[in-house]
Every structure is written in structure tokens, then in C-alpha cells.
There are 2 protein chains.
Amino acid sequence: MMFSMKVSDTDSSKSMVMSLAKGFRVLEVFDAREPELTLSQIAARAELDPGTTYRLAKTLVMLGYLLPAEGKRYRLGLKVLDLGFNAFGQMDLNTIARPILRSLMGPINEAASIAVLDGPELVYVERLQMPLGRLGISQRVGARVPAFCTAIGHAILAYLPLEERLQILNAKPRTKMTPNTPVTIPEIESRLQKVRELGYAVSDQDTVIGVRVIAAPIFDPDDRPWAAISAAAPWMACSLQEFVEHTAPAVVSAAKQLTKVSRISGSTGFTPARRGA
Amino acid sequence: MMFSMKVSDTDSSKSMVMSLAKGFRVLEVFDAREPELTLSQIAARAELDPGTTYRLAKTLVMLGYLLPAEGKRYRLGLKVLDLGFNAFGQMDLNTIARPILRSLMGPINEAASIAVLDGPELVYVERLQMPLGRLGISQRVGARVPAFCTAIGHAILAYLPLEERLQILNAKPRTKMTPNTPVTIPEIESRLQKVRELGYAVSDQDTVIGVRVIAAPIFDPDDRPWAAISAAAPWMACSLQEFVEHTAPAVVSAAKQLTKVSRISGSTGFTPARRGA
DNA sequence: AATATAGTTTCGCATTCCGAAAGGAGTCCA
DNA sequence: TGGACTCCTTTCGGAATGCGAAACTATATT
């Protein structure tokens, strides 16, 4: 008996349909830099046998996800967009956002929200909260809060042009909510600089005593920040560092996903209307 | 020996990787109406064995294209968008459009173009033409033509609000280019009504003698028509009816694809700049 | 024309996937 | 509370499907 052992046993689990994974590997090697690839290029990039690659490519062409281009090359079919468009294109953003918010919640985070910027204020458009949450706050969807003092506000403000930022910050008097609340322009600007460096905003009891929040911005197709997503944890859940390490990557990733999906999801944006019960 | 014959031999060609096709069937059953499906629902819709469905779903979850949702349900992962975003998101629209234009050309159609509306005029932003084309016209990229008399113009105007339409139509004097050119507002409005009914505009030597054109609109995320794509054939290539039957579906489909892709492709739009040689 | 490179097909083997059926897990209803 | 139901998950044997090496063909390169 011959052992044609698999070189890389990356497929961490058994009973995985390998042909399917390989098929996606083929699609995934395409990018904007080289939109058309020959079979051998595909095979090399996807680390697949030429014969196998040929068969997979043929199949994908049949399905319409890959198209034959001139000169024995292939390019991605626009049908790859249909998968997303059929499902997400007609879905309203709140519906898409809810599972993402849920994925942010867990033993540490007890609430997750999305708010959009409306003038100098934020409007909560979607929020999830643990049933037995010990968080004092309980912002309802539709509630408005000032932008200058919240993590969500910072996440958005940090990426706005200076002029607009100042306009928003100076639109209303800024009052301290907690001892931590940054109120002077230099204090806030220093925070925003840090947001730009990290890609997310951290609030350690800036707005409500005992509550920490991490937020990341959601951009429109023109790369303007128009909303942000946040996750909040009670002060006693863990150390600040643990909170950041645990939550920041998830929040940033969620924001990126929403940035992407908001592009295809019409230009309708979120709606603060409550559906259902 | 047992014959476990395939019930439906839909796989039209041999050496097709069936698992791959089945995997896509799984993803394709998701739509906005029911964003979360149970395994049995997936199996039923995709017409797959429960066991097979389970294995495929497991694989897709591993790959990130499917996500487990609450209550033994699955929903589409936003990763399905990555396929398109990685490839098309960073690509400029002209690059994406060119293969689409090429696909419109053939024995009948000898030229294909995209133009955007700029005030009362159209600007050609991309154009392909058969080398030995017998078409008299040869619009260069960047050329400007009046909107009122061309198929591309009609395709766009038909979907603009009446007020804007009239503003554009009345911006400049309308002169007959050929005996067919519609010049009065009633004539043009009647054409536009037909465009709205059919979904595409037909020009039978309206602008240039001997040239027929079919065009369909490209919409922005707010559903405003901002560009259109067209295919042109010489008068003698075939009958008008043959031309329409052959070309209209392809042009409409191309326009829909561009509408979709223009959503994710930033808000940069087309550029009339000529790249490369 | 000859060589090299890349694409396509063939082919035999065994791996991988399939499907039936059994074993759980959860739910509904009495 | 129990039983019946549905649906999810796993096991298992078998075979067919897909794999990869290699042969063959087409295309480019010198």
C-alpha cells in the first residue's frame, strides 16, 4: 500500500469536504493587482496540482464564478458578488448588524451598540444588552447623546476633518459626566490622535462610572466616518488591558465588516426604528 | 454490484468537481427573506442529502463563508463579500467594465461603450470597437455628445425625474442628426416611456445613418441613473428585431452587473482618462 | 525548426465523499 | 412526566469520484 500522505494537514478537522475548500482557494487567489491569471499562476498561488486546478477552474467557470479571459487566462466572474448581494443587498443594515453585535457580547462585554452621527449628536440605531447586565446605562435605540464624550463619538470624530470636528465639539457646551470625561479641546484632540493610531477608541469610565467602552468607526464609500460600533464592559469584569486585548480586535473587525456591507446595502443607512416587540 | 445511479444528470460536462458545485448550492439558497436557515431547510432547498449538507455546511463554516447562528441555524458569513471586495473593490471601474464591453461585441455588435451624464451632455468613459468595424462613427473616450438624441442618453434620461429631464433636454437646441432623430419633447418623452417599459433604449439610426444602438442604464446606490452602457451594430448586420433579441438581454445584464459593482467600487466612478498604450 | 513552457487529457488507484441508517438531542403534546 | 416526533450528528461500508503523475498537445520563444 502506498502512502500518499498529505503534505500539509491544515484541514484541522475530519470530514471536511476538501474539494470545496480547494475551490475557494482558487477564487481567493484573485485580487485587484492581477485580475487575470493563467492556470499555472492559479495553481502556484493556491498550491494545487495543475490537473486539479484545471478541473476546479473548469467547474467554477461552469458555475459562473470564474470566467475565461483572453489568452488562456481566467478572471473572477461578477457572479461572486451575487452571493453577497442576494443575501445582504436587500437586507436592512440593522438586520445585518444585529448578529454582529451579538458576536461582540460574551462573558466580558455586556452591551454592544451602533450609533450614527447626526449633527453634534449620536443617535443609537441598534443596541444589544445582556439581560442581567450590571451596566448602569441602558441607552435605548433612538436615544441621542453628545459626541464629544463617548467612545463612539471619538471613533467618528477622529476621522473627520479638523474643521468639522471643531464645529461639532463647539456646537454645545461640554460638561464633565465623570471625573474622566475629557472636556477641553486639547484633551479631546489628544484622545483622537490616539484613536487614529490604534484604529479604535477606548473609554475608561469617561461617560459612566464603572463602564468601559471600545468603539471603532464605520465609513461610507467616500471614506467618511458616519457611524461607529461599540462594546461595553463593566469595570469589574477584568483589567483595562485585558478588556482592550479581548475586545478591540473584535470591534475593529466588526466595524470593517459593516463598512464593507454598508456599501452594498443601498445608501439607506441604519434606521433607529424599533422593529418587532 | 449496485447501481446508485445519479437521479439528475444536470452536470452537463464530465470531470466537474461535484462537491464544489454542491457547496455553492448551499451558499446560494440563502437570501434576504430568510437570512437564517436550519440544516434541513438548506438540504431541502439545495436538494441535497442531509448528511452531505451537514458536511458541506461544516466545511463552509470552517472556511468562514457560513456562520453558525443561534438555534442550530446557519447564516451567510460576510466573508462572501470578501471574494468580490478583494478583487473588484480596489479595481477602477474602467478596468472592470472593459471585459464586460468586450463580451458584448461579436459578429453582430461592432462597438460597445459606456458614457456618463455630465450636465446635458454625455461623456464617453470607455469604448471598444471592432478593428475592421464598418461603423462610420468612432467616438473617442472623453468625447462629449448631446444626451437627447442617443440611446445612451435615452437610457439615462428615462429614469431621471421629469424636472431634471426637461432641464437637460432644454439646455441646448436640439437639431436633427438623421431623419429618425427625435427632437420634440413629445417625441422624446414617448421614447423614454418605452425605455421604462422595456428596460433599455433602442436607437435605429437616430444619430448616425446605418447604425443601430441598444443601451441600458447604470444606477448609483440611490437608484439614480448616472451612466449607461451600449452596444452598436451596423444596419446591415441583421434585422432590427434580430438585433434587439440578440443584444438587449446582454446589454441589460451588463448594465445590472455594473450597477452592482459600482456600489462596491468606491464612489470614484468612471474616469474618461485613457490608460496604457 | 527546436526547445521550452503551459494547457489538456488520460488512467489507474485509493481517498474521499456519499448516502443509508443508527444514535442523540431537543421539542412538542398529551 | 413520558412518549413520540423531528431534526442534528455520527458512523460505516462501499464505490465512485476526484487526485496526481505522466503523456500528449498546443502555444510561445529562441
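One structure accompanies this document, and this report is about it. (Residues numbered from 1 in each chain as written. Chains lettered and ligands numbered in written order. Predicted model: local features only at pLDDT ≥ 70, side-chain atom pairs only at ≥ 80, totals over all residues. Heavy atoms only, no water.)

Let's talk about the relation of the copies chain A and chain B
Each of the two copies of the chain can be brought onto the other by a rotation about an axis and a shift along it. For the pair chain A and chain B, the superposition axis carries a translation of 0.0 Å, the fit reaches an RMSD of 0.1 Å, and the rotation angle comes to 179 degrees. As the rotation angle and translation indicate, the two copies are arranged about a two-fold axis. When each C-alpha of chain A is compared by its distance to the rotation axis, L20 of chain A comes out closest, at 2.3 Å. Both copies contact each other with a shared surface, as 100% of the interface residues of chain A are interface residues in chain B too. (Least-squares fit on C-alpha atoms with pLDDT ≥ 70 in both. Contact = heavy atoms within 4.5 Å.)

Quick notes on the interface of chain A and chain B
Opposite the 55 residues of chain A that make contact, chain B presents 55 residues. Of the roughly 5,000 Å² buried where chain A meets chain B, counting both sides, 71% is carbon and sulfur surface. One salt bridge connects E70 of chain A with R102 of chain B, and the closest N-O pair in it is separated by 3.8 Å. Where chain A touches chain B, the interface holds ten residue pairs in polar contact (both at pLDDT 80 or more). For the side of chain A that touches chain B, the secondary-structure elements that each account for two or more residues are α1 (18–28), α3 (50–63), β3 (73–76), α4 (79–89), α5 (93–104) and α9 (240–264) of chain A. Among the residues forming the side of chain A that touches chain B, the class breakdown is 29 nonpolar, twelve polar and 14 charged. (Buried area = accessible area lost by both parts, 1.4 Å probe. Salt bridge = Lys/Arg side-chain N within 4 Å of Asp/Glu carboxyl O. Polar contact = N/O pair within 3.5 Å; in protein donor to acceptor, adjacent residues only side chain to side chain. Helix = DSSP H or I, 4+ residues; strand = E, 2+ residues; numbered from the N terminus. Nonpolar A, V, L, I, M, F, W, Y, C, P; charged D, E, K, R; others polar.)

Quick notes on the protein's contact with DNA strand D
Among the 17 residues in the neighbourhood of DNA strand D, the closest are listed as D49, T52 and R55 of chain A together with M18 and Y54 of chain B. M18 of chain B is positioned with one of its backbone polar atoms (N or O) 2.6 Å from a phosphate oxygen of DNA strand D. Put simply, the parts of the chain that give the surface near DNA strand D at least two residues each are α3 of chain A together with α1 (18–28), α2 (39–46) and α3 (50–63) of chain B. (Near = heavy atom within 4 Å.)

Digging into the environment of I264 of chain A
By the element assignment, I264 of chain A lies in helix α9. Looking at I264 of chain A, the relative accessible area reads 0%, which means it is buried. Separated by 180 residues in sequence, I264 of chain A and G84 of chain A have C-alpha atoms that sit 8.6 Å apart. Non-local contacts of I264 of chain A, meaning those with residues more than four positions away in its chain, are made with G84, F85, F88 and G89 of chain A together with L81, F85, R263 and I264 of chain B. (Buried < 20%, exposed > 50% of the residue type's maximum accessible area, 1.4 Å probe, protein only.)

A look at the sheet that holds strand β3 (residues 73–76) of chain B
All names here are of chain B. The three strands lie next to each other as β1-β3-β2, forming an open sheet whose pairing is antiparallel. The strands lining the two open edges of the sheet, one partner per strand, are β1 (36–38) and β2 (66–69). Strand-to-strand twist across the sheet, computed as the mean angle between neighbouring axes with direction ignored, equals 40 degrees. With four bridges joining them, β2 and β3 adopt antiparallel strand pairing. For L66, the partnering residue across the bridge sits in β3 and is L76. (Pairing = 2+ DSSP bridges. Axes fitted to C-alpha atoms, helices over the stretch in contact; angles between N-to-C directions.)

So, the pattern of salt bridges
Tallied over the full model, the rule gives 28 salt bridges over all chains. Because the salt bridges share partners, they merge into one network encompassing D118, E121, R144 and K172 of chain A.

Notes on the nonpolar core
In terms of nonpolar packing, the biggest core is built from 126 residues, with F24, F88 and I229 of chain A together with F24, F88 and I229 of chain B touching the most fellow members. Residues in contact with F88 of chain A, not counting those within four places in the same chain, are I96, V261, I264 and S265 of chain A together with L76, G77, L78, V80 and L81 of chain B. One finds A155, I156, A158 and V213 of chain B within the second-largest nonpolar core, a separate group that totals 28 residues. (Core = buried A, V, L, I, M, F, W, Y, C linked by side-chain atoms within 4.5 Å.)

Comments concerning the pairing of strand β9 (residues 225–234) of chain A
All names here are of chain A. With respect to burial, β9 is a largely interior element, nine of its ten residues being buried. Taken together, the six bridges between strand β4 (residues 111–118) and β9 define a ladder with antiparallel strand orientation. The residue bridging V116 from the neighbouring strand is A227, located in β9. Where strand β8 (residues 211–219) folds back on β9, the antiparallel hairpin that results is connected by five residues, among which D223 adopts a positive phi of roughly 65 degrees.

Examining the sheet that holds strand β6 (residues 144–146) of chain A
Each strand in a sheet pairs with another by means of backbone hydrogen bonds, the pair being arranged parallel or else antiparallel. Residues and elements named next belong to chain A. With antiparallel pairing, six strands are arranged side by side in an open sheet as β6-β5-β4-β9-β8-β7. If you trace the sheet from one side to the other, it starts and ends with β6 and β7 (201–204), each paired once. The mean inter-strand angle of the sheet, taken between neighbouring strand axes irrespective of direction, is 30 degrees. α9 contacts β4, β7, β8 and β9 of the sheet and is inclined by roughly 25 degrees relative to β8.

What to know about the side chain of H154 of chain A
Residue and element names in this part refer to chain A. Within the secondary structure layout, H154 lies in helix α6 (residues 151–157). The exposure class assigned to H154 is buried, which follows from its relative accessible area of 1%. Residues within four places of H154 in sequence aside, it is in contact with A147, F148, C149, P182, I188, R191, L192, V195, A201 and D206.

Focus: the packing of aromatic side chains
Counted according to the given criterion, the structure contains seven aromatic pairs over all chains. Ring centres of F24 of chain A and Y65 of chain B lie 4.2 Å apart, and the angle between their planes is 20 degrees; on these two criteria the pair is classed as stacked. With F24 of chain A in helix α1 and Y65 of chain B in the loop between α3 and β2, this pair bridges two chains. Given the relative accessible area of 0%, F24 of chain A is considered buried. For Y65 of chain B, a relative accessible area of 1% translates into the label buried. The interplanar angle of 85 degrees and the centroid separation of 5.3 Å between the aromatic rings of Y159 of chain A and F219 of chain A together place this pair among those described as edge-to-face. Here F219 of chain A lies in strand β8 and Y159 of chain A lies in the loop between α6 and α7 (162–169), a separation of 60 residues in the sequence. Under the relative-accessibility criterion, Y159 of chain A is labelled partly exposed at 27%. One aromatic cluster is present, built from ring pairs that chain together F24 and Y65 of chain A together with F24 and Y65 of chain B. A cation sits over an aromatic face here: K79 of chain A above Y65 of chain A, 4.7 Å from the ring centre. (Phe/Tyr/Trp six-rings, centres within 6.5 Å; stacked < 30°, edge-to-face > 60°. Lys NZ or Arg CZ within 6 Å of the ring centre and 35° of its normal.)

Treat this as a map of the structure, not an account of what it does.
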